[in-house]
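Overview (structure and organization)
If you want the building blocks of each chain, they are given just below.
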Amino acid sequence: DTIKRLPLVTTFTAKKTLFNHHVELQGNVTTKKNILLSVKTADCLPILIYWENGLGSNSSGVAAIHSGRAGTEKKILTKVLLHLKNKYQVGKTEGDKLTVWLGPAICKNCYQIDRKTNLHYDLYQKNIDQIRQVFPKFKSLDHDGNTNIRVIRSKHCTLHNNDLFYSYRKTGKGVKMNYSLIGLN
């Protein structure tokens, strides 16, 4: 796993081999205005983050993360949240605000990873668990007044709602991608 520091964006990369293919999993973070971060997915979970630091320094920023099963298992969200906590003091003062948007992705019912055992994978829950790991006081979805953490979870499954979103499981190779974007202005 590596962290690259570019002039305006910090990039997180976790390398993994899946089905004999080398995959890079990414998350990008910036505090600079007029920089647009994007994530492209087609069943994987797009995660967008906005934070405001309550220290009075007017510190705010955004992050965009691509988290499929491999990225979730490599704890890419945990790594980004720990970076925000350590570098920008996010979640350490009472006035901090953190919003995490979990976008449209394949739902647990559709994400079967083992037909023999009928094992399904829940991208949403695994990533919510990572938020709780970094911010133990976080208790519920949408808003927790004690910690100023708001988690918004999309209700859309990319496979169920294939008329609205692109799904790799529905289309296969050559699938078009969904783009999720965030920035500061």
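The following refers to the structure shown. (Residues numbered from 1 in each chain as written. Predicted model: local features only at pLDDT ≥ 70, side-chain atom pairs only at ≥ 80, totals over all residues. Heavy atoms only, no water.)

A short note on the overall build of the chain
- From N to C terminus, the chain includes four helices and eleven strands.
- Within the span of the chain, comprising 185 residues, buried residues form 44% of the whole.
- Sequence-distant contacts in the chain: of pairs separated by 6 or more residues, those separated by 24 or more amount to 62%.
- With an accessible surface of roughly 10,300 Å², the chain has 49% of that area assigned to carbon and sulfur atoms. (Helix = DSSP H or I, 4+ residues; strand = E, 2+ residues; numbered from the N terminus. Buried < 20%, exposed > 50% of the residue type's maximum accessible area, 1.4 Å probe, protein only. Contact = heavy atoms within 4.5 Å. Areas by Shrake-Rupley, 256 points an atom, 1.4 Å probe, with all protein chains shown as cover.)

Focus on the environment of L84
- Considering the arrangement of structural elements, one finds L84 in helix 2 (residues 76-88).
- L84 gets classed as buried once you look at its relative accessible area, which sits at 0%.
- As for L84 and A63, which are separated by 21 residues in sequence, their C-alpha atoms are 9.4 Å apart.
- Here L84 is in contact with V29, I49, W51, Q89 and V90, once residues within four sequence places are set aside.

Some thoughts on the pattern of salt bridges
- Enumeration according to the criterion identifies one salt bridge in this entry.
- Across the pair D129 and R132 runs a salt bridge, and its minimum N-O distance is 3.9 Å. Of the two residues, D129 and R132 both sit in helix 3 (residues 123-134), three residues apart, roughly one turn of that helix.
- Judged by its relative accessible area of 38%, D129 falls in the partly exposed class.
- Exposure remark for R132: the relative accessible area of 30% places this residue in the partly exposed category. (Salt bridge = Lys/Arg side-chain N within 4 Å of Asp/Glu carboxyl O.)

Observations concerning the packing of helix 2 against helix 3
- Their axes nearest at 9 Å, the elements helix 2 and helix 3 cross at an angle of 30 degrees. Taken together, the axis directions place helix 2 and helix 3 in an arrangement best described as roughly parallel. The way helix 2 lies across helix 3 gives a crossing that is right-handed. Contact residues: I76, L77, T78, L81, L82 and K85 in helix 2; N127, Q130, I131, Q133 and V134 in helix 3.
- Per-class residue counts for the contact of helix 2 with helix 3 are six nonpolar, four polar and one charged. (Axes fitted to C-alpha atoms, helices over the stretch in contact; angles between N-to-C directions. Parallel < 35°, antiparallel > 145°, perpendicular 65-115°, else oblique. Left-handed = near helix turned anticlockwise from the far one by under 90°. Nonpolar A, V, L, I, M, F, W, Y, C, P; charged D, E, K, R; others polar.)

Some details on the packing of aromatic side chains
- Under the definition given, this model contains two aromatic pairs.
- With a centroid separation of 5.8 Å and an interplanar angle of 70 degrees, the aromatic rings of Y111 and Y121 are classed as edge-to-face. On the criterion of sequence distance, the pair formed by Y111 in the loop between strand 7 (97-102) and strand 8 (112-114) and Y121 in the loop between strand 9 (119-120) and helix 3 is long-range, its members being ten residues apart.
- A relative accessible area of 12% places Y111 in the buried class.
- Residue Y121 is classed as buried on the basis of its relative accessible area of 5%.
- In this structure, R69 packs its charged tip against the face of Y121, placed 5.9 Å from the ring centre.
- Sitting above the plane of the Y124 ring, R153 keeps its charged end 3.6 Å from the centroid. (Phe/Tyr/Trp six-rings, centres within 6.5 Å; stacked < 30°, edge-to-face > 60°. Lys NZ or Arg CZ within 6 Å of the ring centre and 35° of its normal.)

Quick notes on the nonpolar core
- Of all hydrophobic cores here, the largest spans 32 residues; its most connected members are I49, L81, L84 and L98.
- If you list the elements that add at least two residues to this core, you get strand 5 (45-52), strand 6 (60-67), helix 2, strand 7, helix 3 and strand 10 (149-153).
- Element by element, the count of residues in this core is highest for helix 2, at six residues.
- Residues L37, V39, V62 and I182 belong to the second largest nonpolar core, which totals eight residues. (Core = buried A, V, L, I, M, F, W, Y, C linked by side-chain atoms within 4.5 Å.)

Some thoughts on the environment of K85
- Within the fold, K85 resides in helix 2.
- When the C-alpha positions of K85 and V134 are compared, they lie 8.5 Å apart, and in sequence the two are 49 residues distant.
- Look past the residues within four positions of K85 in its chain and what remains in contact with it is V90, K92, V134 and F135.

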